[in-house]
Amino acid sequence: MTQRAKIDTDGGGEPGARAGADPVTSDTVVHRPHGLTAAEVAERIARGEVNDVPVRSSRSTTDIVRGNVFTRFNAIIGVLWVVMLFVAPIQDSLFGFVIIANTGIGIVQELRAKKTLDGLAVIGEAKPTVRRDGAAAEISTSEIVLGDLIELGPGDKVVVDGVVAEADSLEIDESLLTGEADPVVKKPGDRMMSGSFVVAGGGAFTATKVGREAYAAQLAEEASRFTLVHSELRTGISTILKYVTWMMVPTALGLVISQLVVKDNDFKESVARTVGGIVPMIPEGLVLLTSVAFAIGVIRLGRKQCLVQELPAIEGLARVDVVCLDKTGTLTEGGMDVTGLRMLNGADEAYIRKVLGALGESDPRPNASLQAIVDAYPDSVDWRCTESLPFSSARKYSGAAFSEGDGESSTWLLGAPDVLLPAGDASLAEVDRLNEQGLRVLLLARTAHELDSPDVAKDARASALVVLEQRLRPDAADTLAYFADQNVTAKVISGDNAVSVGAVAGKLGLPGAENTVDARTLPADRDEMAKALDAGTVFGRVTPQQKREMVAALQSRGHTVAMTGDGVNDVLALKDADIGVSMGSGSEATRAVAQIVLLNNSFATLPSVVGEGRRVIGNITRVATLFLTKTVYSVLLAILVVVSQVEYPFLPRHLTLLSTLTIGIPAFFLALAPNKERAKPHFVRRVMRYAIPAGTIAAAATFATYLLARHHYTGPGALDAETSAATLTLFLVSMWVLAIIARPYTWWRIALVAAMGGAFLLVLVVPWLQDFFALKLVGVTMPWTAVAIAAAGSAVLEFAWRWVGRRFPA
């Protein structure tokens, strides 16, 4: 049974005033609790009875520093670096300084992202309304004290535990806590749990548990919004690093034994070459660049007033292939205007205007439709509301009972015509005609039943149609066009009439907007529903539970689904969708469950989020291929050296130079470059299908040059000459890998590749750089042989790259 809010009829109370625990008759007056006094608040603060759960949108500074410094690979490289500082010249220890620089960059970028996130979180933070000294005011959640009286309205989130003090048809959704989807009607004295939210009605409750004692705080520390939801990118990189570790350990042990035991070389030289073989196996920069790319994405989106509450949400939205849009607040702006009033069944227009004015006044928190009626029809001072039934998205109507000025009483309903009227009613034809023009139509009907009767809408007499015009968002058409261009299917899911919603979508140019479906006709079976969803574009009269079922049905067909919304009826669907997107002006509940909050309420920001995600995923896939090509050729070279029982060809300085010019510097620029490629699944497979053949070809070409050079050079300095020839081949093949990765070419990509080649040439021709990096090409025959082998390797690489692309498409 719906609880009714009874209001006094003798003029002693305010119109629409909230009721207390006892019914109000004509002989009583509503007494609203005044809440705590300033002195009581100060006393509770002094006792520490404050809602002190820390609200953070990101990791702490300590966590950021720890996460970037104390990594498995930093530990390995750190040990090797310390060893090299003792046994070799400083130029063989450059790789350690590179790691310090990389870690520093990672920390700085993530701190910048944290600053952006924390600043935006403050803007988007819930501001509950608290009554103190009889006056209501919005305060920060952290300022609530034990015993505070907190007011509630539709969409408000319950931020602390408490007991209901006032209830005006108050319905609470506790599904996020209990899993039960049905709203719970609350009466004075009932318990309120933090984490639930209001779906209909209003009221107030007294805080009984605050801070870490509150229910939601016990379930999970709400401090960590920086939760890492599933990310294929992060999972893929972790998988790759796990395999790399498995390969690295036995290979490194074999290399150590080979260089220190089998070969009777100078000890320090052997140690240096052993370290030179181990260090490049570690793709340490890959993890760093992933973090930096995500962090810079957060900063870029932050500048556009977009709060990313969970970092991988950037990636997730880039993978989305279906976006479900709620019409109100997404395609249309919040406000509406009354454009017409059509009388039905001989109703008197002057009288109906009075009814509408009284209905507008009966709801202390009117929605957009009712607010338009409030603006258009002033309240009649001699009418008093005696009962009210707030609007519910499940019912599709609201209602109120009045004591009219002349002593008569009446009960009225205002809502969806196709819900309140029986099928086939003559008035529905007029409604359909108006809906086809994109207008929203509400029916005002008089009922003879009590508001709490389950048959309240039965036999209601239609009195008037209220015609409303919605304000289209000026940026919505461009955004829908963007999604269509990017092969992302847009589905409009609304609680409004399907034809009306379709007309609005049609005005905005949504493909398939004419394919409208009344959700009441959708099959209950998930597979059948999924087929209907794939076929249709616009769905009207969708209930909150149906929205959730529709998301699940789309996901069952393999779709990655994003859901946008701003009302409480969107919460469950937002929570279940792969990516939930809430408007900043939306209810506290929607902002709490969404991964992305558009603080500027602009639907046009979504393409930026999609673009940012695509940039991150596409670019990380590119640079991951670079890093893992190095890992593959390093492991293979080490194996070839162990099997052949020869000295490892490189010192750490050589591979530091190669890594910096062919991977480190280019990867940094490529990872932050624009990239509009649609995100594809199977990250590990897509990266390794290129890295394995590229690394194998690079290792084979380099080792071939090294063996030829060992036969070509003799006498003192032969090893240095052999190393220089092998380094030349490896650099040239690695440069070809970079040239392939940099495609499609733009002027700056060409300049980047050319600059790296020029830097290596500079090392080869400047004497002090030759000495510093121990690189000096001896003679003519072997250097040109190294170039020829690199050219052949690059040709094979080009062929292999194209063959892999055809044979193993992503």
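Residues numbered from 1 in each chain as written. Predicted model: local features only at pLDDT ≥ 70, side-chain atom pairs only at ≥ 80, totals over all residues. Heavy atoms only, no water.

Engineer: Sorry, what's going on with helix 17 (residues 526-535) here?
Structural biologist: Residues lying three or four places apart along an α-helix face the same way, a consequence of the helix completing one turn every 3.6 residues. If you check which residues of helix 17 are buried, you get Met529, Ala530 and Leu533. All buried residues of helix 17 lie within an arc of 100 degrees about the axis, which places them on one face of the element. Each element contacted by the buried residues of helix 17 is listed here: strand 16 (489-493), strand 18 (538-540) and helix 18 (544-556). The N-cap residue of helix 17 is Asp525: its side-chain oxygen and the backbone nitrogen of Asp527 are 3.2 Å apart. (Buried < 20%, exposed > 50% of the residue type's maximum accessible area, 1.4 Å probe, protein only. Helix = DSSP H or I, 4+ residues; strand = E, 2+ residues; numbered from the N terminus. Arc of directions from axis to C-beta. Contact = heavy atoms within 4.5 Å. Polar contact = N/O pair within 3.5 Å; in protein donor to acceptor, adjacent residues only side chain to side chain.)

Engineer: What am I meant to see in the confidence of the model for the protein chain here?
Structural biologist: Predicted coordinates in regions of low pLDDT should not be interpreted in detail. Averaged over all residues, the pLDDT of the protein chain is 81; the fraction at 70 or higher stands at 89%. Taken as a whole, residues 220-229 scores under 50 in pLDDT and shows 22 contacts with residues more than four places along the chain or in a different chain. (pLDDT = per-residue confidence, 0-100.)

Engineer: Sorry if this is basic, but what is going on with the side chain of Thr631 here?
Structural biologist: Structurally, Thr631 can be placed in helix 21 (residues 606-644). Apart from the residues within four sequence positions on either side, Thr631 is in contact with Val244, Pro280, Met281 and Pro283.

Engineer: Honestly, the pairing of strand 11 (residues 384-392) in this entry has me stumped. Any pointers?
Structural biologist: The side chains of a regular strand alternate, residue by residue, between the two faces of the sheet. Of all nine residues that make up strand 11, seven are buried, and the element is covered over most of its length. Direction of pairing for strand 11 relative to strand 12 (residues 397-403): antiparallel, over a ladder of six bridges. The residue bridging Arg384 from the neighbouring strand is Ser403, located in strand 12. Hairpin connection between strand 11 and strand 12: a loop of four residues separates the two successive antiparallel strands, and Lys396 in this loop has a positive phi of roughly 75 degrees. (Pairing = 2+ DSSP bridges.)

Engineer: Whenever I open this one, the packing of aromatic side chains confuses me. Can you help?
Structural biologist: By convention here, two paired aromatic rings are described through the distance between centres and the angle between planes. Considering all chains together, one arrives at eleven aromatic pairs under this definition. On the basis of an interplanar angle of 75 degrees and a centroid distance of 6.0 Å, the ring pair of Tyr648 and Phe650 is categorised as edge-to-face. Take Tyr648 and Phe650: they sit in the same class, and that class is buried. Here the aromatic residues Tyr351, Trp383, Phe402 and Trp412 are joined through ring pairs into a cluster of three or more. The ring centre of Tyr243 lies 5.7 Å from the NZ or CZ of Lys242, which sits over that ring. (Phe/Tyr/Trp six-rings, centres within 6.5 Å; stacked < 30°, edge-to-face > 60°. Lys NZ or Arg CZ within 6 Å of the ring centre and 35° of its normal.)

Engineer: Would you mind showing me how to read the nonpolar core here?
Structural biologist: What tends to happen in soluble globular proteins is that the nonpolar side chains get buried as a cluster. Core analysis: the largest hydrophobic core is formed by 127 residues, its most contacted members being Leu317, Ile596, Phe603 and Phe760. Top element by residues in this core is helix 21. It accounts for 15 residues. Excluding anything up to four places from it in sequence, Phe760 contacts Leu657, Leu658, Leu661, Thr727, Leu728, Phe731 and Leu775. (Core = buried A, V, L, I, M, F, W, Y, C linked by side-chain atoms within 4.5 Å.)

Engineer: Would you mind going over unusual backbone geometry with me for this structure?
Structural biologist: Peptide bonds are trans in most cases, and residues, glycine excluded, mostly fall at negative phi. Residue Pro744 is reached from Arg743 by a cis peptide bond, and omega for that bond is -5 degrees. Mapped onto the secondary structure, Pro744 falls in the loop between helix 24 (718-741) and helix 25 (747-765). Notably, Arg541 is not glycine yet its phi reads approximately 55 degrees, a positive angle. Backbone geometry at Gln645 places phi at a positive 55 degrees, although glycine is not the residue there. Secondary-structure assignment places Gln645 in the loop between helix 21 and helix 22 (652-671).

Engineer: Would you mind going over the packing of helix 3 (residues 72-87) against helix 8 (residues 267-278) with me for this structure?
Structural biologist: Two quantities define a packed helix pair, namely the angle between the axes and the distance from one axis to the other. For the pair helix 3 and helix 8, interaxial distance at closest approach is 10 Å and the crossing angle is 150 degrees. Of the possible angle classes, the one that applies to helix 3 and helix 8 is roughly antiparallel. Considering how the two elements wind past one another, helix 3 and helix 8 form a crossing that is left-handed. From helix 3, Leu80, Val83, Met84, Phe86 and Val87 reach across to helix 8, where they touch Lys268, Val271, Ala272, Val275 and Ile278. Looking at the contact of helix 3 with helix 8 residue by residue, the classes come out as nine nonpolar, no polar and one charged. (Axes fitted to C-alpha atoms, helices over the stretch in contact; angles between N-to-C directions. Parallel < 35°, antiparallel > 145°, perpendicular 65-115°, else oblique. Left-handed = near helix turned anticlockwise from the far one by under 90°. Nonpolar A, V, L, I, M, F, W, Y, C, P; charged D, E, K, R; others polar.)

Engineer: Whenever I open this one, the pattern of salt bridges confuses me. Can you help?
Structural biologist: Two side chains bearing opposite charge may form a pair once their charged atoms approach each other closely. Summed over the entire model, instances satisfying the criterion amount to 21 salt bridges. In this structure, Asp148 engages Arg132 in a salt bridge whose closest nitrogen and oxygen atoms are separated by 2.6 Å. One end of the pair, Asp148, is in the loop between strand 2 (135-138) and strand 3 (149-152); the other, Arg132, is in strand 1 (residues 129-132), and 16 residues separate them in sequence. With a relative accessible area of 22%, Arg132 lands in the partly exposed category. A salt bridge links Glu798 to Arg743; the nearest nitrogen and oxygen atoms lie 3.0 Å apart. Placement of Glu798 in helix 27 (residues 781-807) and of Arg743 in the loop between helix 24 and helix 25 is noted, with a sequence separation of 55 residues between them. A relative accessible area of 29% means that Arg743 is categorised as partly exposed. Each member of the salt-bridge network shares a partner with another, and the members are Asp418, Asp518, Arg520 and Arg541. (Salt bridge = Lys/Arg side-chain N within 4 Å of Asp/Glu carboxyl O.)

Engineer: Mind showing me how you'd approach the sheet that holds strand 17 (residues 516-518) here?
Structural biologist: Strands in a sheet are paired, the pairing made by backbone hydrogen bonds, and the direction either parallel or antiparallel. Taken together, the eight strands give an open sheet; going across it, the order is 8-21-20-19-9-16-18-17, and neighbouring strands pair in mixed fashion. Of all the strands in the sheet, just strand 8 (306-308) and strand 17 have a single pairing partner and so form its edges. Ignoring which end each strand starts from, the neighbouring axes of this sheet average 20 degrees apart. With three bridges connecting them, strand 9 (residues 322-325) and strand 19 (residues 561-565) associate as parallel partners. What sits directly across from Val323, in strand 19, is Ala562.

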